[in-house]
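Close look at the chain arrangement
Below are the chains, spelled out letter by letter.
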Amino acid sequence: MLYWLPRLCVLVLAAVVVGLGLFPQTTEGVAFTLLMILVGLGLLSVTLHIFPPEKH
């Protein structure tokens, strides 16, 4: 479960941003925000793949 916890936190944070209306109004802003969320999740996945929590 600890392996998925950071990803769940990022998704909850994204849901809160969308739910509270903090999402950008322009198409470019929306695309940039979604891109940053995807890049963050990708970096987290790579980090957890390189340094698995079970081994460190």
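Residues numbered from 1 in each chain as written. Predicted model: local features only at pLDDT ≥ 70, side-chain atom pairs only at ≥ 80, totals over all residues. Heavy atoms only, no water.

Description of the overall build of the chain
Our working definition: Secondary structure elements follow DSSP: runs of H or I no shorter than four residues count as helices, runs of E no shorter than two count as strands, and numbering proceeds from the N terminus. Accessible area is worked out with a 1.4 Å probe on protein chains only. A residue is then buried under 20% of its type maximum, exposed over 50%, and partly exposed in between. The method behind every accessible area is Shrake-Rupley, applied with a 1.4 Å probe, and residues are considered shielded solely by the protein chains displayed.
On a plain count of helices and strands, the chain comes out with two helices and zero strands. Across the 56 residues of the chain, 11% fall into the buried class. When the accessible surface of the chain is summed, it comes to about 4600 Å², and 78% of that surface belongs to carbon and sulfur atoms.

Quick notes on the packing of helix 1 (residues 5-19) against helix 2 (residues 27-50)
Describing two packed helices takes the angle between their axes plus the distance from one axis to the other. The condition is simple: For helices, the fitted axis covers only the stretch in contact; all axes are lines through C-alpha atoms, and the angles between them, taken along N-to-C directions, range from 0 to 180 degrees. For this classification, under 35 degrees means roughly parallel, over 145 means roughly antiparallel, 65 to 115 means roughly perpendicular, and everything else is oblique. Note on contacts: a residue pair qualifies if any of its non-hydrogen atoms lie within 4.5 Å across the two residues. Each residue gets one label: Ala, Val, Leu, Ile, Met, Phe, Trp, Tyr, Cys and Pro are nonpolar, Asp, Glu, Lys and Arg are charged, and the others, such as Gly, are polar.
Where helix 1 contacts helix 2, the axes come no closer than 10 Å and their chain directions differ by 175 degrees. Relative to helix 2, the element helix 1 is oriented roughly antiparallel. Mapping the contact onto sequence places Pro 6, Arg 7, Val 10, Leu 11 and Ala 14 in helix 1 and Ile 37, Leu 41, Leu 44, Ser 45 and Leu 48 in helix 2. Residues that form the contact of helix 1 with helix 2 fall into these classes: eight nonpolar, one polar and one charged.

Let's talk about a nonpolar patch on the surface
Condition: Every patch collects residues that have over 30% relative accessible area and no salt bridge, joining them within 9 Å if they carry like charges and within 5 Å if they are nonpolar side chains (Val, Leu, Ile, Met, Phe, Trp, Tyr). Salt bridge criterion: a side-chain nitrogen from Lys or Arg within 4 Å of a carboxyl oxygen from Asp or Glu.
On the surface, a cluster of nonpolar side chains totalling about 490 Å² of accessible area is made up of Phe 32, Leu 35, Met 36, Val 39 and Leu 43. Position of Leu 43 relative to the elements: it lies in helix 2. The class for Leu 43 is exposed, based on a relative accessible area of 55%.

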